[in-house]
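Tertiary structure, described
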Amino acid sequence: MNSSFKTVITYGTFDLFHYGHLEILRRAKELGDYLIVGLSTDAFNRIKNKKCIFAYEKREEILKSIKYVDKIIPENSWSQKPFDIKKFDVDIFVMGDDWRGKFDELTDSCDVQYLPRTKGVSTSELKQIIDK
Ligand code: CTP
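Described below are features of the structure shown in this document. (Residues numbered from 1 in each chain as written. Predicted model: local features only at pLDDT ≥ 70, side-chain atom pairs only at ≥ 80, totals over all residues. Heavy atoms only, no water.)

1. Digging into the overall build of the protein
For clarity, the cut-off: To qualify as a helix, a DSSP run of H or I must reach at least 4 residues; to qualify as a strand, a run of E must reach at least 2; elements of each kind are numbered from the N terminus. For the radius of gyration, the atoms used are the C-alpha atoms, and the globule rule reads 2.2 Å times the number of residues raised to 0.38. Any residue under 20% of the maximum accessible area for its type is buried, any over 50% is exposed, and the rest in between are partly exposed; the area is computed with a 1.4 Å probe on protein chains only. Here, residues are in contact when the closest pair of their heavy atoms is within 4.5 Å. Here the Shrake-Rupley method, with its probe set to 1.4 Å, supplies the accessible areas, and only the displayed protein chains count as covering residues. Counting rule applied: Lys, Arg positive; Asp, Glu negative; His and chain ends not counted. Charge placement uses NZ in Lys and CZ in Arg. For Asp and Glu, CG and CD serve respectively.
Within the protein one finds five helices and five strands. Whereas a compact globule of 132 residues would reach a radius of gyration of roughly 14 Å, the protein reaches 14 Å, a difference of no more than 12%. Dimensions of the protein, computed from the C-alpha atoms along their principal axes, are close to 50 × 30 × 25 Å. Taken across its 132 residues, the protein has 45% of its residues classed as buried. Restricting to contacts in the protein with at least 6 residues of sequence separation, those with at least 24 account for 64%. Accessible surface for the protein amounts to roughly 7800 Å². Of this, 53% is attributable to carbon and sulfur atoms. Side-chain charges of the protein comprise 22 positive and 21 negative groups, with the mean position of each set lying 4 Å from the other.

2. Considering a nonpolar patch on the surface
Using the following cut-off: Exposure above 30% relative accessible area and the absence of a salt bridge qualify a residue for a patch, where like charges join within 9 Å and nonpolar side chains (Val, Leu, Ile, Met, Phe, Trp, Tyr) within 5 Å. Salt bridges are defined as contacts in which a side-chain nitrogen from Lys or Arg sits within 4 Å of a carboxyl oxygen from Asp or Glu.
A contiguous nonpolar patch, built from Ile53, Phe54 and Ile62 and spanning about 240 Å² of accessible area, is present on the exposed surface. Within the secondary structure, Ile53 is located in the loop between helix H2 (42-47) and helix H3 (56-64).

3. Description of the pattern of salt bridges
Scanning the entire structure with this criterion turns up seven salt bridges. Note that Glu23 is salt-bridged to Arg26, the shortest N-O span being 2.9 Å. Here Glu23 and its partner Arg26 are both found in helix H1 (residues 19-30), three residues apart, which amounts to about one turn of the helix. Lys64 is the partner of Glu61 in a salt bridge, and the nearest nitrogen-oxygen pair spans 3.4 Å. Taken as a pair, Glu61 and Lys64 lie in helix H3 at a separation of three residues, close to a single helical turn.

4. Observations concerning the sheet that holds strand S1 (residues 7-12)
Selection rule: By this definition, two strands are paired if DSSP reports at least two bridges between them. Between N-to-C directions, angles span 0 to 180 degrees; the directions come from axes that are lines fitted to C-alpha atoms, helices contributing only their stretch in contact.
Across the sheet, which stays open at both edges, the five strands sit in the order S3-S2-S1-S4-S5 with parallel pairing between neighbours. The outermost strands of the open sheet, each flanked by one partner alone, are strand S3 (71-75) and strand S5 (111-115). Neighbour-to-neighbour, the strand axes of this sheet turn through a mean angle of 25 degrees, independent of strand direction. One ladder, built from three bridges, connects S1 with strand S4 (residues 92-96); its direction is parallel.

And the structure:
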C-alpha cells in the first residue's frame, strides 16, 4: 500500500452521540486517510461498568452515518488493541486526553495521540440531566 496512506483508529462507547464525539472523530480523521472506530459492545460496557442507553446496533447505525468514519469494529476487551493495530496496519491511535498515558505501551507499534476533550459535554452529564 502507498506508504503515505495513513490509517487511524480510536475506541469508545459513543452513547447518546454528542458534539464532543463528533469533534474527536473529525480530528482523528484529519490526522490520516482512513478512520476505524472500535465501538464498545454492550457486554464490554458491562465489564467497564458503563451503563448504556443505546444498544450496540443503534450506536453503530449513528456512527455509520458520520462522514469521518470509514469502518466500525466491535471492541470486546481491553486487550484487543495491539491485535487490531497489527491486523489493520494502523499508523495512529487516537483517544481523548481523559485517557492520557493509559495506552502508551502501544507506541511500540504506532503513533499514540491523546487529543484534548471538547469542553462542557459528556455522555455522563447528559445522562444526569435526563435522570433529573
Ligand atoms: N470525548 C471528547 N470530548 C468529550 C467527550 C468525549 O473528546 N467532551 C472523547 C473521549 O475522550 C473518547 C471518545 O470521545 O476518546 C469516546 O468517549 P465516550 O466515553 O464514549 O464518551 P463520553 O462522553 O466521554 O462518555 P462518559 O461521560 O460516559 O465517559
